[in-house]
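The residues making up each chain are set out below.
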Amino acid sequence: NAGVTQTPKFQVLKTGQSMTLQCAQDMNHEYMSWYRQDPGMGLRLIHYSVGAGITDQGEVPNGYNVSRSTTEDFPLRLLSAAPSQTSVYFCATRGLATQYFGPGTRLTVL
Amino acid sequence: ELKVEQNPLFLSMQEGKNYTIYCNYSTTSDRLYWYRQDPGKSLESLFVLLSNGAVKQEGRLMASLDTKARLSTLHITAAVHDLSATYFCAVEENQGGKLIFGQGTELSVKP
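Residues numbered from 1 in each chain as written. Chains lettered and ligands numbered in written order. Predicted model: local features only at pLDDT ≥ 70, side-chain atom pairs only at ≥ 80, totals over all residues. Heavy atoms only, no water.

S.K.: Any chance you could explain the sheet that holds strand E7 (residues 61-66) of chain B here in plain terms?
M.R.: Sheet strands associate in pairs through backbone hydrogen bonding, adopting either a parallel or an antiparallel arrangement. Residues and elements named next belong to chain B. Read from one edge of the open sheet, five strands run E1-E3-E8-E7-E6, paired in antiparallel fashion. Every other strand in the sheet has two partners, leaving strand E1 (4-7) and strand E6 (55-58) as the edge strands with one partner each. Strand-to-strand twist across the sheet, computed as the mean angle between neighbouring axes with direction ignored, equals 15 degrees. Of the pairings in the sheet, the one linking E6 to E7 comprises four bridges and is antiparallel in character. Bridge assignment links Lys56 to a residue of E7, and that residue is Ala63. (Pairing = 2+ DSSP bridges. Helix = DSSP H or I, 4+ residues; strand = E, 2+ residues; numbered from the N terminus. Axes fitted to C-alpha atoms, helices over the stretch in contact; angles between N-to-C directions.)

Here is the structure:
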């Protein structure tokens, strides 16, 4: 039982490049979400999904796309990376007891 | 719009002392979470508070919730160095799962 996994752990991009951050969970949770964490600002919600085929925007969705084709996976796509997207990205799932966070992806955009 | 505010943002404590972190939020909610984050690590769930008057304790940490005042507290008893970390409160919107986080409280416990 791996819980919530994220890949890659670290990534460096150049401005304008695209990439996909992967998130997978093996807890069969319907609700999944993506947050970004910037110094001094806590975590902010980017996108979330209440189940396969259903996604919605959070607080800071611009520049990011998501899709949810299976219960297990919830990838986050950066369409054209910008330096302002340098951050640590966390994926989370909601269970009955609490919300579980993945280990995070540290992204730097040059 | 739901807003969550923590204070203090920085807290330097001596070992053995007691202190409280406060978390205020602006609209009603059914769930409030407390998380711990060590530098470079993910968030570790400490407590989930579900109802007015809820109190939960784990070791030297105790969390409480007053939904009428829209206030949660995280009380630290007889602090030890291992408690040094950043603590976040987060409020869940309308049972939908969306979390709104406070800014975090960076706690440093010194001998």
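S.K.: Looking at this structure, I do not really get the interface of chain A and chain B. What am I missing?
M.R.: Quite often, the size of an interface is put as the accessible area lost when its parts meet. Each partner contributes to the interface: chain A provides 19 residues, whereas chain B provides 20 residues. Both sides of the chain A and chain B interface together cover about 1500 Å² of buried area, and 50% of this is carbon and sulfur. Put simply, Arg94(A) and Glu92(B) hold a salt bridge, and the shortest N to O gap is 2.6 Å. Looking at the side of chain A that touches chain B, its residues break down into ten nonpolar, seven polar and two charged. (Contact = heavy atoms within 4.5 Å. Buried area = accessible area lost by both parts, 1.4 Å probe. Salt bridge = Lys/Arg side-chain N within 4 Å of Asp/Glu carboxyl O. Nonpolar A, V, L, I, M, F, W, Y, C, P; charged D, E, K, R; others polar.)

S.K.: In this structure, what is going on with the state of the cysteines? I would like to understand it.
M.R.: What is meant by a disulfide is a covalent connection between two cysteines, made through their sulfur atoms. Residues and elements named next belong to chain B. Across all of its chains, the model carries two disulfides over all chains by this definition. Covalent S-S linkage joins Cys23 and Cys89, the inter-sulfur distance amounting to 2.0 Å. The sign of the S-S torsion, about 80 degrees, decides the handedness of the disulfide formed by Cys23 and Cys89: right-handed. Of this pair, Cys23 sits in strand E3 (residues 19-25) while Cys89 sits in strand E9 (residues 85-92), and the two are 66 residues apart along the sequence. (Disulfide = S-S within 2.5 Å.)

S.K.: Explain the pattern of salt bridges to me, please; I cannot follow it from the model alone.
M.R.: Opposite charge on two side chains permits them to pair, given that their charged atoms come into close proximity. According to the stated counting rule, one finds five salt bridges over all chains in the structure shown. A salt bridge links Asp38(A) to Arg44(A), with the nearest nitrogen and oxygen atoms 2.8 Å apart. On the basis of relative accessible area, Asp38(A) is assigned to the buried category, the value being 10%. A relative accessible area of 18% means that Arg44(A) is categorised as buried. A salt bridge links Glu93(B) to Lys98(B); the nearest nitrogen and oxygen atoms lie 3.5 Å apart. Here the salt bridges do not stand alone but share partners, grouping Arg36(A), Asp38(A) and Arg44(A) into one network. (Buried < 20%, exposed > 50% of the residue type's maximum accessible area, 1.4 Å probe, protein only.)

S.K.: Looking at this structure, I do not really get unusual backbone geometry. What am I missing?
M.R.: With an omega of -5 degrees, the peptide bond running from Thr7(A) to Pro8(A) counts as cis. By secondary structure assignment, the location of Pro8(A) is in the loop between strand E1 (4-7) and strand E2 (10-13). At the junction of Asn7(B) and Pro8(B), the peptide bond is cis and its omega measures out at 0 degrees in the coordinates. For Pro8(B), the location among the structural elements is in the loop between E1 and strand E2 (10-14). Look at Asn28(A): it is not a glycine, yet its phi comes out positive at around 60 degrees. Secondary-structure assignment places Asn28(A) in the loop between strand E3 (19-25) and strand E4 (31-37).

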